[in-house]
Amino acid sequence: MTTKATQQKATEQFEGLFVEPARAYGSLALEYTEKLVGAQLDAARRYSDLSLSQARAWIAVRDADGFKQAFEGQQKAAQDLGDHVKADVEKLSTLNQDYLQKGQKLVEESLKAVGSK
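Below you will find a few notes about this structure. All values derive from a computational prediction rather than experimental measurement.

**Describing the packing of aromatic side chains**
Phase 1 of the analysis: This model, assessed by the stated rule, comprises 3 aromatic pairs.
Phase 2 of the analysis: Seen from their ring centres, Tyr25 and Tyr99 are 6.5 Å apart, and the 45° between their planes marks the pair as tilted. Linking Tyr25 in helix 1 (residues 3-59) with Tyr99 in helix 2 (residues 64-116), this pair joins segments that are 74 residues apart in sequence.
Phase 3 of the analysis: Taking 5.4 Å as the distance between ring centres and 65° as the angle between the ring planes, the aromatic pair formed by Trp58 and Phe67 counts as edge-to-face.

So this is what it looks like as structure tokens:
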């Protein structure tokens, strides 16, 4: 085998064993981070909108009826917040499980590639 052919084979093996798995994992990590940041930004926007809405409701109180409406709105807002938190926890849990499964699959594929070479 010539030196050039040997170098080519070594380069292909290096890419197959190290570069491709690293690139695949990097892509997976970037995808996960993008989804995680998006979910966090969505949640922050929802929570801040809810808080600002409640602040506006309390500022608008002028009499006993306004106080009653604001108080009832506060109770609904607390329920909505609980529902949003629950949905966000489920979303993050699903996102983490998906990332873990895909990561395990990449490891398994890498180990198979090492075993076949």
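**Some remarks on empty space enclosed by the protein**
Phase 1 of the analysis: Across all of its chains, the model carries 1 cavity of 30 Å³ or more by this definition.
Phase 2 of the analysis: Along its surface, the largest cavity is lined by Leu28, Glu31, Tyr32, Lys35, Leu95, Asp98, Tyr99 and Lys102.
Phase 3 of the analysis: Here the lining of the largest cavity is built from residues that sort into 4 nonpolar, no polar and 4 charged.

**Section: a nonpolar patch on the surface**
Phase 1 of the analysis: A cluster of nonpolar residues, Trp58, Phe67 and Phe71, forms a patch on the protein surface that exposes about 300 Å² of accessible area.
Phase 2 of the analysis: Note that Phe67 resides in helix 2.

**Considerations on helix 1**
Phase 1 of the analysis: The first and last C-alpha atoms of helix 1 sit 80 Å apart over 57 residues, in line with the 84 Å expected at 1.5 Å per residue.
Phase 2 of the analysis: Where helix 1 bends most, the angle comes to about 45°, and this point is Glu15.
Phase 3 of the analysis: Residues Gly16, Leu28, Ala29, Tyr32, Ala39, Ala43, Leu50 and Gln54 constitute the buried set of helix 1.

**A short note on the side chain of Asp88**
Phase 1 of the analysis: In this structure, Asp88 sits in helix 2.
Phase 2 of the analysis: Taking the relative accessible area as the measure of exposure, Asp88 reaches 12% and is therefore buried.
Phase 3 of the analysis: In terms of polar contacts, Asp88 uses its side chain to reach the side chain of Tyr47, at 2.4 Å.

**Details of the pattern of salt bridges**
Two side chains of opposite charge can pair, provided their charged atoms sit close to one another.
Phase 1 of the analysis: In this structure the tally under the stated criterion is 5 salt bridges.
Phase 2 of the analysis: Where Glu31 meets Lys102, a salt bridge forms, and the shortest distance between an N and an O atom there is 3.5 Å. You can see Glu31 sitting in helix 1 and its partner Lys102 sitting in helix 2, a full 71 residues away along the chain.
Phase 3 of the analysis: Residue classification places Glu31 among the partly exposed residues on the basis of a relative accessible area of 30%.
Phase 4 of the analysis: Under the relative-accessibility criterion, Lys102 is labelled partly exposed at 33%.

**Here we look at the environment of Gly73**
Phase 1 of the analysis: Looking at where Gly73 falls in the secondary structure, it is placed in helix 2.
Phase 2 of the analysis: Between the alpha carbons of Gly73 and Gln7 there is a distance of 72 Å; along the sequence they are 66 residues apart.

The rules behind the values
Residues numbered from 1 in each chain as written. Predicted model: local features only at pLDDT ≥ 70, side-chain atom pairs only at ≥ 80, totals over all residues. Heavy atoms only, no water. Phe/Tyr/Trp six-rings, centres within 6.5 Å; stacked < 30°, edge-to-face > 60°. Helix = DSSP H or I, 4+ residues; strand = E, 2+ residues; numbered from the N terminus. 1 Å grid on protein atoms, 1.4 Å probe; cavity = no way out; pocket = protein on both sides within 12 Å on 5 of 7 lines; lining within 4 Å. Points joined across faces, edges and corners; volume = space filled by probe spheres on them. Nonpolar A, V, L, I, M, F, W, Y, C, P; charged D, E, K, R; others polar. Patch = residues over 30% accessible without salt bridge, like charges linked within 9 Å, V, L, I, M, F, W, Y side chains within 5 Å. Areas by Shrake-Rupley, 256 points an atom, 1.4 Å probe, with all protein chains shown as cover. Salt bridge = Lys/Arg side-chain N within 4 Å of Asp/Glu carboxyl O. Expected span 1.5 Å × (residues − 1). Bend = angle between axes of the 7 residues up to and from the residue. Buried < 20%, exposed > 50% of the residue type's maximum accessible area, 1.4 Å probe, protein only. Polar contact = N/O pair within 3.5 Å; in protein donor to acceptor, adjacent residues only side chain to side chain.

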